Structure formats: structure tokens, C-alpha cells
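# Descriptive analysis of the structure
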Amino acid sequence: SQYSAVDTNPLSVYIMQPIWNKIIKIVPLWIAPNLLTFSGFVMILFNYFLISFYDWDYTASGTSPGLVPTWVWLFSAFTTFCAYALDSIDGKHARRTQSSTPLGELFDHGLDSWATSIFVLSFFSVCSRDNGKTGVSVYTMYIYLSIVLFNFMCSHWEKYNTGVLFLPWGYDISQVVLIAAYLLTGTVGVEVWQKPLLFGYYITDVLVILLIGFSLFLSFPQTLYNIHRAHLKKTLKNDSLYEGLLPLVSPLLLFVLLTVWVVLSPSNILAKQPRLFLWMVGVAFSNVICKVIICQMSSTRPELFHWFLFPLALVVYAAISGLLGGMEEAVLGVFTALVTAAHVHYGVCVGRQLSEHLNIYIFSLKKRVQE
């Protein structure tokens, strides 16, 4: 299917696009677009592990503000900007080099589905965990992450039904806010997040309120409206309501299972291992969404239950029933490692299959030689 995306965000159209159009001219024509996409992702990952090294349990900013060196925040601003730029120019570069392929589209959206959670998890280090005075509770972090992922899911669910990806306004805004937040933290220090801004509200409160407002009152209604409009125009991809709603089943069940674990965990797993747990949430979500993206691109029907749900249900049952006892953290660690390995393996396999099928290399513009 031909890729089509619509971007109506004024920030993107009037400010960012002209910048990308200038940057794209520097990129040599021999560079493969997927290499740009992947480089951006690697920068986000590297930045995430760097912050994790200084602030594993999300307490550094709140308890001892000097723990994360200033250069790390400035480096975060730099990597976030680079990743944002690379993610914005990869498609333009593909058109410029006449190398737009379904593999490129999948590569871009697949990595985005994972990067989305990593952006959020890196940002939590800025606000820090609730320490009784300032910071955000780990439950707020979990809800915040879920809302961001819900937004991401909506735009791809919408594309599954309408065939058009309406780029969410939240994307450009969130990237610019992230970069500004890192720059602010790097120049002023994390203390800026620990002083009330207005009427006793902290900047973090304002950001959370904005995020929830944007999602519930802007993104989600827009998604429903776009699907409704396609229905009226009779351009919907799926005839039945069942088929239209099918991609939502697995992500919603995933959210239900994870929430049950968070709420009923005997050892309060989210408070004990927020970084591991939230990472696992992001990876599991990314894998579920990648399946939806592939179904939407190949016009196939997603399966009702994603396979991750079965081992997850077992682990959650074992945890909340007390079967795991003191092993809950260790089991979370093993499960997180397995889910991450499975997701990477899946990505590599799909990439290989598509590159063979389309007779192209993933990271090079050279054509494969037909055997």
C-alpha cells in the first residue's frame, strides 16, 4: 500500500519543516535513509543508558541534585534534537534518493514505537521520584507512560482503519518541550523542577496536566473524528466494527495485565524496580504495536491475542497470588530480558525477510544481486 501521512501541526509546518529542509541538503546522497532512522534510535538508546547509569532508581534529581553531571543533561538535549531531526528527515531523504520502501516505513514506525517509551523514561530522571517533598510518584510515571503509548497506538489504529497516518500534534510539541527541558536542567540545574511555578503547582504537574489534556481532548477525539469521516466517505479499510476494533484488543489487554500487576503486587514491584518495570512496559507495547503496523501495511488481520499476553498473564498470576514470594524482582528481571531479546529478534527477522523480499539492503542503497 502507498504510504500517506498528513501533518497539520503549525509548529511542524511553519518552523520545523523549513529547518529540516535545510539540514537534509547536508546529507550525502549515498547514505541509506534507514541508516538515518537507526542512528537516531541508537542515540536515544545510548542517552537512556547514560542517564540510567547515573540515576538507576529515579532518585538522583530529588535527593542529591549534583548526582547527574550537568554535561549529561546538555548531552540529552543534543541527542534528543539529533534523533528528532533524523526521524524527521529520513522520509524526505528516501524520496530524495528515490528509495522509499515499505521496509523504510516499517523501520521508521517500528523504531518510533519503541523510542516513544524511551523518551518518556529518560525524562523521568529530570523530574525525579516522589521523595515526600518534590518529584513524581512511580504510579504517576506509569500512568504518564501509558497515556503517551495510548496516543501512539491511536494514530496507528487510525491508520489501520483509514489508510492515512495523521501525524499527532503532540509529537513535535513533545520533542521541542523535551529538548527545552533538558537545556533548562543543564543550565539552571534540577532544582528548577523542585520549586513551585504557579499557585503551588510544579512544572512537572503542569506538563502532566498538559499531556493528559492533549491526549484526551485533542488527539483521541481527532482520531475518532478522522475514522468517522472516513466512514461517511466510505473510504474505511475495514467493513465490520469487529475488524476495525481488533487492533485495540491486545494493547488494552496488555495494559490491563500490567495494571493488575502494579496494583496487586505483594512486594510493590513498581516502587522497587521502576526502571525495569517501565522499560518492560515500553518493549511489550512496542512489539504489540509493530504487529498492528505490519498488518496495516500488508492489509492482513491482526491476531486477537498477541503471544506476549500469555507468558505475561502467567507471570502476573504467579506474582499477585504470592507464588513467587521473594522472587518477584528476579522474575521481573528475567521476564524483562526475555521480552527485550524477543523484540530485538523479531525486529531483525522482519527486517531480513523484507530486505530479501524487496531485494534491497537495509543499510545500503546498493541493490542486492539476484541469485
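Since the structure is predicted, the reported quantities are computational estimates derived from the model, not experimental observations.

Scanning the protein chain for helices and strands turns up 13 helices and two strands. For the protein chain, the C-alpha radius of gyration of 21 Å lies close to 21 Å, the compact-globule estimate for 371 residues. If you line up the protein chain on its principal axes, its C-alpha atoms span 60 × 50 × 45 Å. Here the analysis covers contacts within the protein chain between residues at least 6 apart in sequence; of these, 80% occur between residues at least 24 apart. If you sum the accessible surface of the protein chain, you get close to 17900 Å²; carbon and sulfur atoms cover 70% of it. Charged side chains in the protein chain number 21 positive and 20 negative. The centres of these two groups are separated by 8 Å.

One pass over the full model with this rule turns up 27 aromatic pairs. Relative to Phe49, the ring of Tyr48 lies with its centre 5.4 Å away and its plane at 70 degrees, an arrangement referred to as edge-to-face. Their ring planes at 85 degrees and their centres at 6.5 Å tell us that Tyr54 and Trp71 sit as a pair that is edge-to-face. Pair noted here: Tyr54 is in helix α2 (residues 33–54) and Trp71 is in helix α4 (residues 70–96), with a separation of 17 residues, a long-range link. Classification of Trp71 as partly exposed rests on a relative accessible area of 46%. Ring pairs connect the aromatic residues Phe46, Phe53, Tyr54, Trp71, Phe75 and Phe78, which therefore count as one cluster. Of note, Arg275 hangs over the ring of Tyr58, and the distance from its end group to the ring centre comes to 4.1 Å.

Turning our eyes to something else, we now look at helix α6 (residues 138–162). Count 3.6 residues to each turn of an α-helix, and residues three or four apart come out pointing the same way. Here α6 contains 25 residues, and its C-alpha end-to-end distance of 36 Å stays within 8% of the 36 Å for a straight helix at 1.5 Å per residue. Remark: Gly163 follows α6 within two positions and exhibits a positive phi of approximately 85 degrees.

Before going further, it helps to spend a moment on a nonpolar patch on the surface. Together, Tyr242, Leu253, Leu304, Phe305, Trp307 and Phe310 make up a nonpolar patch on the protein surface, roughly 600 Å² of accessible area in all. Summarising the element assignment, Trp307 is placed in the loop between α11 (274–298) and α12 (309–320). On the accessibility criterion, Trp307 (43% relative accessible area) is partly exposed.

On to the nonpolar core. In terms of nonpolar packing, the biggest core is built from 99 residues, with Phe123, Trp261 and Phe277 touching the most fellow members. Other than its neighbours up to four places away in sequence, Phe123 contacts Tyr144, Leu178, Ala181, Tyr182, Trp193 and Leu207.

Here the UniProt-annotated "transmembrane region" (unreviewed entry) positions come out as residues 26–50, 70–86, 136–154, 197–220, 241–264, 276–294, 306–324 and 330–348. Between the end C-alpha atoms of residues 136–154 there is a gap of 26 Å, over a span that is 89% helix and 0% strand. Between the first and last C-alpha atoms of residues 276–294 the distance is 27 Å; the span itself is 100% helix and 0% strand.

Turning to its location among the elements, Leu314 is positioned in helix α12. On the basis of relative accessible area, Leu314 is assigned to the exposed category, the value being 61%. A sequence separation of 248 residues divides Leu314 from Gly66, and the C-alpha atoms of the two residues are 41 Å apart.

Inspection of every chain in the model, using the stated rule, returns zero disulfides. In this model Cys290 remains outside any disulfide bridge; the closest cysteine sulfur is found in Cys295, 11 Å from its own. Residue class for Cys290 comes out buried when judged on its relative accessible area of 7%.

Considering the arrangement of structural elements, one finds Leu236 in the loop between α8 (203–232) and α9 (241–264). Between the alpha carbons of Leu236 and Asn161 there is a distance of 5.7 Å; along the sequence they are 75 residues apart. Setting aside residues up to four positions removed in sequence, Leu236 forms contacts with Asn161, Thr162, Ile227, Ala230 and His231.

Before going further, it helps to examine unusual backbone geometry. The residue Gln98 is not glycine, and still its phi comes out positive at about 50 degrees. Among the secondary structure elements, Gln98 is positioned in the loop between α4 and α5 (102–127). In this structure, Ser128 is a non-glycine residue whose phi angle is positive, near 65 degrees. Its location among the elements puts Ser128 in the loop between α5 and α6.

Thresholds, definitions, all that
- Residue indices follow the written sequence of each chain, beginning from 1 at its first position.
- For this predicted model, a pLDDT threshold of at least 70 governs which residues receive local features, and a threshold of 80 or more governs which side-chain atom pairs are given and counted, while totals over whole chains, interfaces and linings are taken from all residues.
- To get the side-chain values, all heavy atoms of the structure are used, and hydrogens and water are removed first.
- The secondary structure listing takes helices from DSSP runs of H or I that are at least 4 residues long and strands from runs of E that are at least 2 residues long, numbered from the N terminus.
- Radius of gyration: C-alpha atoms only; globule rule: 2.2 Å multiplied by the number of residues to the exponent 0.38.
- In this description, contact between two residues means that some pair of their heavy atoms is separated by no more than 4.5 Å.
- For every accessible area listed, the method is Shrake-Rupley and the probe measures 1.4 Å; residues are considered covered only by the protein chains on display.
- The positive count covers Lys and Arg only, the negative count covers Asp and Glu only, and His and the chain ends enter neither.
- Charge positions are represented by NZ for Lys, CZ for Arg, CG for Asp and CD for Glu.
- Ring pairs shown here join Phe, Tyr and Trp side chains whose ring centres sit within 6.5 Å, with only the six-membered ring taken for Trp; geometry is labelled stacked below 30 degrees between planes, edge-to-face above 60, and tilted in between.
- Between buried and exposed lies partly exposed: a residue is buried under 20% and exposed over 50% of the maximum accessible area for its type, with that area taken using a 1.4 Å probe on protein chains only.
- Note on geometry: a ring has a charge over it if NZ (lysine) or CZ (arginine) is within 6 Å of the ring centre and within 35 degrees of the ring normal.
- To estimate the expected span of a helix, count its residues, drop one, and scale the result by 1.5 Å.
- The residues that make up patches have over 30% relative accessible area and no salt bridge, and they are joined within 9 Å when like-charged or within 5 Å when they are Val, Leu, Ile, Met, Phe, Trp or Tyr.
- Salt-bridge detection follows one rule: a side-chain nitrogen of Lys or Arg within 4 Å of a carboxyl oxygen of Asp or Glu.
- Grouping buried Ala, Val, Leu, Ile, Met, Phe, Trp, Tyr and Cys residues that are joined through side-chain atoms within 4.5 Å yields what is termed a nonpolar core.
- UniProt positions are given in the numbering used here, feature names are shortened, and annotations may be inferred rather than shown by experiment.
- What counts as a disulfide here is a pair of cysteine sulfur atoms lying within 2.5 Å.

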